[in-house]
Structure formats: structure tokens, C-alpha cells
Amino acid sequence: MMPPPRSGLIPQALQSSPHRRFNPLTREWVLVSPQRTERPWQGQTERQEPESTQSYDPNCYLCPGNVRAGGARNPSYSHTFVFDNDFAGLQPDTPAAHVDVGGKGILVAQNESGICRVVCFSPRHDLTLSRMPTAEIRSLIDVWVEEFQSLGRKPGINYVQIFENRGLMMGCSNPHPHGQIWATATIPNEPRKEQEAFAEYQKQRGACLLCDYVSLEEASGDRMVCGNEYFLAVVPFWAVWPYEIMLLSKRHMGNMSALDAEARSALADLLKCVTSRYDNLFQVSCPYSMGFHQQPTDEMEHREWHFHAHFFPPLLRSATIRKFMVGFEMLGSPQRDITPEYAAEKLRQAKVVPSRTK
Ligand SMILES: [Zn+2]
Ligand SMILES: [Zn+2]
Ligand SMILES: [Zn+2]
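Residues numbered from 1 in each chain as written. Chains lettered and ligands numbered in written order. Predicted model: local features only at pLDDT ≥ 70, side-chain atom pairs only at ≥ 80, totals over all residues. Heavy atoms only, no water.

## A closer look at the coordination of the zinc ion (ligand 1)
In ideal tetrahedral geometry, four donors around a metal make angles of 109.5 degrees, whereas ideal octahedral geometry with six donors gives angles of 90 or 180 degrees.
1) Next: Of the protein atoms, only C60 (SG), C63 (SG), H125 (ND1) and H176 (ND1) coordinate the zinc ion (ligand 1), at distances of 2.0 to 2.3 Å.
2) Next: Geometry at the zinc ion (ligand 1) is tetrahedral, judged from its 4 donor atoms and the angles of 105 to 114 degrees they form at the metal.
3) Next: Sequence spacing of the donors to the zinc ion (ligand 1): C-x2-C-x61-H-x50-H. One end of the pair, H125, is in the loop between β6 (114-120) and α2 (134-153); the other, H176, is in the loop between β7 (159-166) and β8 (178-184), with 51 residues separating them in the sequence.
4) Next: Residue classification places H176 among the buried positions, given a relative accessible area of 0%. (Donors = N, O, S within 2.8 Å, 3.2 Å for Na, K, Ca; no water. Tetrahedral: all angles 85-135°; square planar, octahedral: opposite > 155°, others 65-115°. Helix = DSSP H or I, 4+ residues; strand = E, 2+ residues; numbered from the N terminus. Buried < 20%, exposed > 50% of the residue type's maximum accessible area, 1.4 Å probe, protein only.)

## Brief notes about the sheet that holds β6
1) Next: If you trace the 9 strands from one edge of the open sheet to the other, you get β3-β6-β8-β7-β12-β13-β11-β10-β9, paired in antiparallel fashion. Whereas interior strands pair on both sides, the edge strands pair on one side only; in this sheet they are β3 (81-84) and β9 (224-227). Across the sheet, the axes of successive neighbouring strands diverge by a mean angle of 20 degrees, strand direction being ignored.
2) Next: Across 7 bridges, the pairing between β6 and β8 is antiparallel. Counterpart to G114 in the pairing with β8 is T184.
3) Next: Its contacts with the sheet put helix α7 (residues 340-349) on β9 and β11 (245-249), and the angle it makes with β9 is roughly 40 degrees. (Pairing = 2+ DSSP bridges. Axes fitted to C-alpha atoms, helices over the stretch in contact; angles between N-to-C directions. Contact = heavy atoms within 4.5 Å.)

## A few points about the coordination of the zinc ion (ligand 3)
1) Next: Only E194 (OE), E194 (OE), H293 (ND1), H308 (NE2) and H310 (NE2) from the protein reach the zinc ion (ligand 3) as donors, at distances of 1.9 to 2.4 Å.
2) Next: Written as a sequence motif, the donor arrangement for the zinc ion (ligand 3) is E-x98-H-x14-H-x1-H. Of this pair, H293 sits in strand β12 (residues 288-293) while H308 sits in strand β13 (residues 308-312); the two residues are 15 residues apart in sequence, bridging distant segments of the chain. By the burial criterion, H293 is buried, and H308 matches it.

## Observations regarding helix α3 (residues 189-205)
In an α-helix, one turn spans 3.6 residues, which is why side chains three or four residues apart end up on the same side.
1) Next: Here α3 spans 24 Å end to end across 17 residues, near enough to the 24 Å set by a 1.5 Å rise per residue.
2) Next: Every buried residue of α3 is accounted for by P191, K193, E194, Q195, A197, F198 and Y201.
3) Next: Summarising the contacts, the buried residues of α3 are in contact with β2 (28-32), β7, α4 (209-220), β12 and β13.
4) Next: In the segment just after α3, G206 is the residue with positive phi, at about 60 degrees. (Expected span 1.5 Å × (residues − 1).)

## Considering the packing of α3 against α4
1) Next: For the pair α3 and α4, interaxial distance at closest approach is 9 Å and the crossing angle is 80 degrees. Taken together, the axes of α3 and α4 lie roughly perpendicular to each other. Where α3 abuts α4, its residues A197, F198 and Y201 lie against L209, L210 and D212.
2) Next: Here the contact of α3 with α4 is built from residues that sort into 5 nonpolar, no polar and 1 charged. (Parallel < 35°, antiparallel > 145°, perpendicular 65-115°, else oblique. Nonpolar A, V, L, I, M, F, W, Y, C, P; charged D, E, K, R; others polar.)

## Observations concerning the environment of P287
1) Next: Inspection of the secondary structure puts P287 in the loop between α5 (261-282) and β12.
2) Next: Placed 25 residues apart in sequence, P287 and F312 show a C-alpha to C-alpha distance of 8.7 Å.
3) Next: If we skip the residues at most four places from it in the chain, P287 touches R166, G167, M169, M170, P313, P314 and L315.

## Overview of α2
1) Next: Between its terminal C-alpha atoms α2 stretches 29 Å, which fits the 28 Å expected from 20 residues at 1.5 Å a residue.
2) Next: By the burial criterion, the buried members of α2 are I137, L140, I141, V143, W144, V145, E147, F148, L151 and G152.
3) Next: The inward-facing, buried residues of α2 abut β3, β6, β7, β8, α5 and β12.

## Quick look at the sheet that holds strand β1 (residues 19-23)
Backbone hydrogen bonds are what pair the strands of a sheet, in a parallel or an antiparallel way.
1) Next: Spatial strand order, β1-β2-β16: 3 strands in an open sheet with mixed pairing. Edge strands, defined here as strands with exactly one partner in the open sheet, are β1 and β16 (335-336).
2) Next: Bridge count for β2 against β16 is 2 bridges, and the pairing is parallel. Following the sheet pairing, L31 is matched in β16 by Q335.

## Looking at the state of the cysteines
1) Next: Applying the stated criterion across every chain, the model contains 1 disulfide.
2) Next: Residue pairing for C226: its cysteine sulfur links by disulfide to C273, the two sulfurs lying 2.1 Å apart. Handedness here is read from the sign of the S-S torsion; for C226 and C273, about -115 degrees, the answer is left-handed. Pair noted here: C226 is in strand β9 and C273 is in helix α5, with a separation of 47 residues, a long-range link.
3) Next: Look at C226 and you get buried, because its relative accessible area is 11%.
4) Next: Free of any disulfide, C286 has its nearest neighbouring cysteine sulfur in C172, separated by 13 Å. (Disulfide = S-S within 2.5 Å.)

## A short note on the pairing of strand β14 (residues 315-318)
1) Next: Pairing analysis gives 2 bridges linking β14 to strand β15 (residues 321-322), with the strands arranged antiparallel. When the sheet's bridge partners are listed, S318 is paired in β15 with I321.

## Some details on the pattern of salt bridges
1) Next: Under the criterion given, the structure shown has 17 salt bridges.
2) Next: Measuring nitrogen to oxygen at the nearest pair gives 3.3 Å for the salt bridge that ties R138 to D142. A residue pair is termed a helical-turn pair when its members lie 3 or 4 positions apart in one helix, as R138 and D142 do in helix α2 at 4 residues.
3) Next: Overall, R138 belongs to the partly exposed group, its relative accessible area being 22%.
4) Next: By relative accessible area, which is 23% here, D142 ends up partly exposed. (Salt bridge = Lys/Arg side-chain N within 4 Å of Asp/Glu carboxyl O.)

Here is the structure:
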């Protein structure tokens with residue numbers, strides 16, 4: 001059964017019966033059906049992914065010294081390694097083109113240009129963010145900041161999306177710890193929705209949407225997973241994925257280059273905390289998609305933006321049962337069974353695993 005909310009800020013009627021919750025960042029709704037958690041499971045189960053145990057894999061195209069599919073050879077790097085994606089989804093110079101057939105706004109297309117980079121987090125093939133020593137995650141954050149700044153400064157780059165896709169279940173075929181950066185001429189859909197929500201909230205209330213949200217979460221504690229002086233990890237009130245987490249800066253800042261040395265260490269600490277809790281909760285190297293949402297790099301000030309990260313693990317009940325977004329979710333609204341408060345409670349109970357030693 002669902003544990004009672006700790007602070008009682010959410011009426012019991014909502015905690016135990018179907019309701020919908022508003023996501024103020026995307027201004028969309030999610031349906032919550034807490035009474036469905038007891039239903040029997042007869043659906044698909046996934047095969048558990050074997051964990052990589054070798055620190056070097058001669059067949060991995062990301063390991064130091066190996067040749068990639070495109071023919072380039074990786075240097076024998078000892079910390080992080082960043083390169084342009086050999087099979088990039090975007091190219092820097094696409095010919096300018098735009099179409100709106102018949103001027104009706106129906107058949108509309110325009111050229112898009114951008115840069116795709118790959119960031120190897122570590123030379124160690126068998127590590128994950130959760131198993132990397134915090135000091136190494138801290139160095140990775142420095143690399144992310146440098147990339148954000150250098151890509152963002154390039155003319156024609158107006159948004160820099162840093163993300164990690166982890167695990168076969170998320171379509172990532174290589175277990176080597178790595179992430180990607182896609183820098184684009186236009187602002188992609190998700191940050192564009194958030195951009196509009198931030199600006200609207202700022203205009204209507206003269207305050208920052210996520211600064212206000214941080215205060216509400218700190219006052220409640222119901223959805224808190226872990227935190228430190230600079231950052232907070234919560235299962236957001238409007239979470240769609242069962243164990244979705246949002247990592248928020250406690251201070252108002254628009255992007256990661258505003259983080260000083262101490263704040264970067266604090267971010268490393270929370271990244272480790274979140275990923276370790278996932279591994280521990282599901283007793284596997286947990287698959288997920290994660291990424292940072294930051295100010296656009298379009299040379300406007302964007303004071304309304306508040307730096308944060310999202311974690312979306314696809315798992316529902318165990319390492320082999322994943323959540324599908326089908327049926328009502330494809331055609332109506334996303335839906336979840338366990339409440340975000342329950343998910344947060346489970347994640348709080350999951351202990352942080354120690355780093356794998358070298
Ligand atoms: Zn590798
Ligand atoms: Zn803020
Ligand atoms: Zn966001």
C-alpha cells in the first residue's frame with residue numbers, strides 16, 4: 001500500500017484515487033492511477049543485460065587506442081575523450097532552405113544545421129557514472145562546461161543539448177561510459193516548451209518557476225531523493241516515468257558555466273548519488289536517458305532560465321519489466337501507477353553503492 005504523504009500537503013483523496021497532475025515546465029498533464037499498482041503482471045519481461053567486466057575491450061570503438069567504424073583511431077586517453085560523431089545526425093553547413101507548400105502552414109520544413117560530439121567519460125570500459133569516483137565525475141563536468149561554452153559560442157549554434165543514453169533498453173549498444181552533445185541552430189522541442197513556461201511564469205509572477213519549485217520541494221520533503229548545499233534531486237510532482245528524477249540547482253543560474261569549483265563538486269556528488277540509487281534499487285546497472293537543460297546560446301540574456309537535469313529510467317517494477325508508453329499514453333496523456341511520492345520513498349531507501357576501485 002501507498003505510504004501516507006509525510007507533510008500532508010497533498011489531500012489523501014488525491015493520494016489514493018486517480019487524478020491528474022500538471023507539469024508547469026511543459027504545461028502538459030499526466031494521469032496518476034495509484035490504485036492500479038496491485039494488478040498482476042502478465043506483460044513482457046526483458047532479458048537482463050550482461051554487465052561488462054573487462055576494463056578494456058579490443059572490440060569497443062570507444063576504448064583508448066582502438067579504431068572506430070569511420071576509420072579514425074582513438075588516442076590512448078587517460079581521463080576523458082571528446083570527438084565529433086563519425087555518424088552525426090546533424091551537419092554544420094546545410095544549404096539554407098525553407099518550404100511552406102501553398103502558404104498554409106501545413107507542409108512546412110526548413111534546413112537544420114548543427115554539431116554532434118561524443119564524450120567518453122572514462123577510458124575504463126567497465127565503469128558507469130554510478131561507479132566512477134566522484135573526482136572523475138567532477139573532471140567530466142569540467143569537460144561538459146568547456147564543450148557547452150565552446151559550442152555555444154559558435155555562430156549559428158543556438159542550443160547545446162548534453163545527454164547520456166545508457167543501456168540496451170534505451171537503444172544504446174555500447175556499454176562504454178559515454179554521452180553525446182548535440183548543438184543545434186534551433187531550440188529543440190522540450191527546451192523550447194520550457195523556455196516558454198519560464199518566460200511566462202517570470203512575466204506573470206516576477207519570479208523564477210524552478211526557484212519557487214525548489215522552495216516547495218524543500219518545504220515538503222515528500223519527493224526528495226537526495227541533496228546537498230548546491231543541488232536537489234527529486235521525483236518531480238508531475239513525473240511521467242515511474243522513477244524519473246529531476247536534479248535542480250538550488251541557486252538561480254541559467255547554465256553550468258556559472259558553477260564554481262565547489263558547486264561542480266557538489267554536482268558530481270549528486271550525479272553519483274542519483275545513478276547509484278538507481279543501480280541499487282533495481283540491482284542492475286540501471287538504463288536511463290539523462291540530460292541537462294540550460295539557457296539557449298542565442299546571445300539573448302535568458303535570465304528566466306534555471307539550470308537543471310532530467311533522468312528518465314524506463315524501468316517499472318524490476319530490472320526486467322519496463323514501462324511502455326502505448327495506448328492511452330500515445331493517444332491521450334501519459335499515465336503512471338505508483339505515485340511520485342512512493343517512488344521517492346523507494347529511492348531514498350536505496351543505498352548509495354561504493355565506487356569500484358581501480
Ligand atoms: Zn570501451
Ligand atoms: Zn531560478
Ligand atoms: Zn527540463
